[in-house]
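Architecture and fold: a report
So you can see what is in the structure, the chains are spelled out below.
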Amino acid sequence: MIVRSEEALTARGRRTRSALIQAGRAAFEEQGFDAVRVDDVCARAGVSHGTFYTYFSGKEALFTEVTSAVMGEMFAANVVGSLAPGDPQARIEAANRLYLRAWAANSRMVRMLEQAAAGDDRFRALLLEVREVFVRRGADGLRRLQEQGLADPSLDPRLTAIMLGGMVEHFAHVWLDLGEQADEETAVALLTKLWARAIGLTPTSSTEVTP
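A brief look at the structure comes next. Because the structure is predicted, anything quoted here is derived from the model rather than measured.

1. Some details on the side chain of glutamine 146
- Inspection of the secondary structure puts glutamine 146 in helix H6 (residues 121-147).
- Residue glutamine 146 is classed as buried on the basis of its relative accessible area of 16%.
- A polar atom in the side chain of glutamine 146 sits 2.9 Å from the backbone oxygen of leucine 155.
- When neighbours within four sequence positions are excluded, glutamine 146 is seen to be in contact with Ala151, Asp152, Pro153, Leu155 and Pro157.

2. Observations regarding the nonpolar core
- Within the largest apolar cluster, 50 residues are counted, with the highest numbers of intra-cluster contacts made by Phe28, Val41, Phe52, Leu62, Phe63, Leu113 and Ile199.
- Of all the elements in the fold, those that place two or more residues in this core are helix H1 (11-31), helix H2 (38-45), helix H3 (49-55), helix H4 (59-77), helix H5 (88-119), H6, helix H7 (157-177) and helix H8 (184-198).
- Among the elements that make up this core, the one with the highest residue count is H5 (eleven residues).
- Excluding its chain neighbours within four sequence positions, the residues that come into contact with phenylalanine 52 are Leu20, Val38, Val41, Cys42, Gly58, Lys59 and Leu62.

About the criteria used
Sequence order as written defines the numbering, with residues in each chain counted from 1. A pLDDT threshold of at least 70 governs which residues receive local features in this predicted model, and a stricter bar of 80 or more applies before side-chain atom pairs are shown or counted, although totals over entire chains, interfaces and linings include all residues. Hydrogens and water molecules were not included; the side-chain quantities draw on all heavy atoms of the structure. Under the DSSP-based scheme used, a helix requires at least four consecutive residues in state H or I and a strand at least two consecutive residues in state E, with every element numbered from the N terminus. Type-normalised accessible area, obtained with a 1.4 Å probe on protein chains alone, sets the label of each residue: buried when under 20%, exposed when over 50%, and partly exposed for intermediate values. N or O atoms closer than or at 3.5 Å make up a polar contact, with two conditions inside protein: a donor-capable atom paired with an acceptor-capable one, and, for residues adjacent in sequence, both atoms drawn from side chains. Note on contacts: a residue pair is in contact if any heavy atoms of the two residues lie within 4.5 Å. Each nonpolar core is a collection of buried residues, namely Ala, Val, Leu, Ile, Met, Phe, Trp, Tyr and Cys, held together in the definition by side-chain atoms within 4.5 Å.

Below is the structure:
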């Protein structure tokens, strides 16, 4: 069976493919990766078994597409943009807040991808690929602050972004998935203070130059 690419699809085909992705996400979140069958997804999407294979080579291919879409949504949801113009510390605060909210909406799929990556090199490569976009954004932001004299110039931007991003991600898991008690304002304020101190960003300097 030839699996059609997104570019080759008709408008109807794109709708069918989108319905399968949405149905797949719902099935994976409800049942977990191992328990989901292709027929489960077809039933949710209202398509035949054969139609599924017009768009995806199997459950693994659908899972890859779903998790890629989820990570894309999380990345888009973390764009600070004009939420905190002109203040690096305020931008860090906004980014932390947006990340926690994006995690709350998508943590089930993120954890599922991590579990799949532990035993499958294909999913490990996907996990590294989607995380790279977050690392690159953090590293680029730190590098700009260093160039402006607002952050510790001795820090390696990439490694620092990985480590501080890992701090926020782990807290999100402990707080939202495992039930650690903390209100959002307290959590965001402390994460921001730790991040700013780690890169050598002071409250005074943070208001002087736009990153």
